[in-house]
Amino acid sequence: MSIDKPLRLGTTPSQTVGPYLHMGLDWLNTTELAGPAVAGERIVIQGRLLDADRAPMPDGVIEIWQANSQGRYAHPDDHRALPLDTGFTGFGRTPTCAHGEFRFSTIKPGRVPATNGQLQAPHIMVNVFARGLLRQAVTRIYFPEDDHASDPVMARVPVNRRMTLIAQAVAGQPGVLEWNVLLGGEQNETVFFDV
Amino acid sequence: MSALHPYRRPAPGEQPDYLSPAYASTAKRSPSQPLIVLPHSLSEMTGPVFGHERVKPGDADLTRQHTGEPLGERIIVAGRVLDEDGKPVRHTLVELWQANAAGRYQHKNDQHDAPLDANFTGTGRTMTDEQGNYRFITIRPGAYPWRNHPNAWRPAHIHFSLFGHAFATRLVTQMYFPGDPLLALDPIYNSVPDEKARQRMISQFDLHLTEPEHALGFRFDIVLRGRDATPMEQ
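None of the values given here were measured: they were computed from a predicted structure.

So, the overall build of chain A
Per the secondary structure count, chain A includes one helix and ten strands. The order of α-helices and β-strands along chain A, N terminus first, is α-β-β-β-β-β-β-β-β-β-β. The globule rule puts the C-alpha radius of gyration for 195 residues at 16 Å, and the 18 Å found for chain A is close to it. Along the longest, intermediate and shortest principal axes, the C-alpha atoms of chain A span 65 × 45 × 40 Å. Taking all 195 residues of chain A together, 46% fall into the buried category. Sequence-distant contacts, at least 24 apart, represent 70% of the contacts inside chain A between residues at least 6 apart.

Structure (structure tokens):
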């Protein structure tokens, strides 16, 4: 072994949040992400968290992370000269309800660059936690009206599975989108990412 | 334009697989299709930022949240949050929850036949300091039964939730106690294939953290993903 080998600590392993996650996590629940002063197109994202048998999961937590309407993240590593919205952190968290439902009210994010510098289609990052999940399931929410063909992340997803990442407009409810998480079950199972 | 370094991928066996047959609940709650590898763009390399104003100083002392003192063995749980290069993860949120000394959670779904403690909620949070240090005062949690298999008992543990500085560093884990005979039998602990990685979830008794006449100290350092050497041009 080389003596100048740099120190490399191993990461701490992930473990499930277990069934009593509400105790530790509910204090930071945030389902209304954008106050009245925040710029952007108002949207509601609602859906259900379902297991491989399509049974609702009433004991999960969904967290989201997104850019503002200009595509700027409220984070010190986003150095781009784009405006930030005071009071908009881009973070949301909600436990799922009795029938696995969750709901966020936010604004549609702007486009952010991919690793090659090209712009990605607008998207929201999602972490799913629950009893039975030894580490969080990671996915994304895309929007139905956008061009996904040129999105470099969508390009990695098999064509027949892409629709699981795209929220659908709810008829008769402007601004309301439905997006469900199917955790397993192969048929229409949500696409999950290795981040 | 600045260059951002993407986060390193975990070593094989260091993190649990989603499907872990000995932990029965994973059967219906794990992706069955292959994961899609996501290169780290700004979306993955940024993450929520929480200021110190979010937590109150008393939030880290679980023994002083009620009028009386909770029952059980008072302990100090402290350590550092580091990245894989040993650099401190500064000013990051740490959330914690746990059972009481009898092995009962203050949660409506916990029906274990063990007493609740009116002086113990079992919830805390704090921010790491400039050196990545955090410190909680709490009660040593009890083991408790669960229905995963006949005569199944969870080893005593404390749940931790951390954000780090990016979406990619989000970590929820459990801290265990040294010398617990239940660890060898626990499907959740043993879901991590690599033995050395598993042992990183076990806290260490620490006489320096121990306060005379007051509480035993347990050190639990938490290592979040570090950055790759090769930068990505933004």
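Some points on the environment of Thr169 of chain B
Residue and element names in this part refer to chain B. Here Thr169 lies in the loop between β9 (157–162) and β10 (171–176). For the pair Thr169 and Leu71, spaced 98 residues apart in sequence, the C-alpha separation works out to 35 Å. When neighbours within four sequence positions are excluded, Thr169 is seen to be in contact with Tyr7, Gly47, Phe163, Gly164, Leu224 and Arg225.

Section: the pairing of strand β5 (residues 123–130) of chain A
Residues and elements named next belong to chain A. In terms of burial, β5 is a largely internal element, eight of the eight residues being buried. Alternating positions in β5 separate into two faces, His123, Met125, Asn127 and Phe129 on one and Ile124, Val126, Val128 and Ala130 on the other, with burial throughout. Relative to β5, strand β2 (residues 60–65) runs antiparallel, the two sharing six bridges. Residue pairing for β5: Trp65 is matched across the bridge by Met125. Two elements, β5 and strand β6 (residues 137–142), share six bridges in a ladder whose sense is antiparallel. When the bridges of β6 are listed, Met125 appears paired with Arg140. The turn joining β5 and β6, which pair antiparallel and follow one another in sequence, is formed by six residues; a positive phi near 90° is taken by Gly132.

Quick notes on the interface of chain A and chain B
With 62 residues of chain A in contact, the opposing surface of chain B contributes 71 residues. Those elements that provide at least two residues to the side of chain A that touches chain B are α1 (21–25), β5 and β10 (193–194) of chain A. Per-element accounting of the side of chain A that touches chain B gives the leading share, five residues, to β5 of chain A. Bridge analysis of β10 of chain A against strand β2 (residues 36–37) of chain B gives two bridges, and the strand direction is parallel. Looking at the pairing, Phe193 of chain A lines up with Ile36 of chain B of β2 of chain B.

Let's talk about the nonpolar core
Counting 98 residues, the largest nonpolar core has Leu49, Val126, Val128 and Phe129 of chain A together with Val77, Val81 and Leu162 of chain B as its most contacted members. Top element by residues in this core is β5 of chain A. It accounts for six residues. Setting aside residues no more than four positions away along its own chain, Val126 of chain A makes contact with Ile62, Ile64, Val138, Thr139, Arg140 and Ile141 of chain A.

Thresholds, definitions, all that
Residues numbered from 1 in each chain as written. Chains lettered and ligands numbered in written order. Predicted model: local features only at pLDDT ≥ 70, side-chain atom pairs only at ≥ 80, totals over all residues. Helix = DSSP H or I, 4+ residues; strand = E, 2+ residues; numbered from the N terminus. Rg over C-alpha atoms; globule rule 2.2 N^0.38 Å. Buried ≥ 20, exposed ≤ 12 C-beta atoms within 10 Å, placed from the backbone. Contact = placed C-beta atoms within 7 Å. Pairing = 2+ DSSP bridges. Core = buried A, V, L, I, M, F, W, Y, C linked by C-beta atoms within 7 Å.

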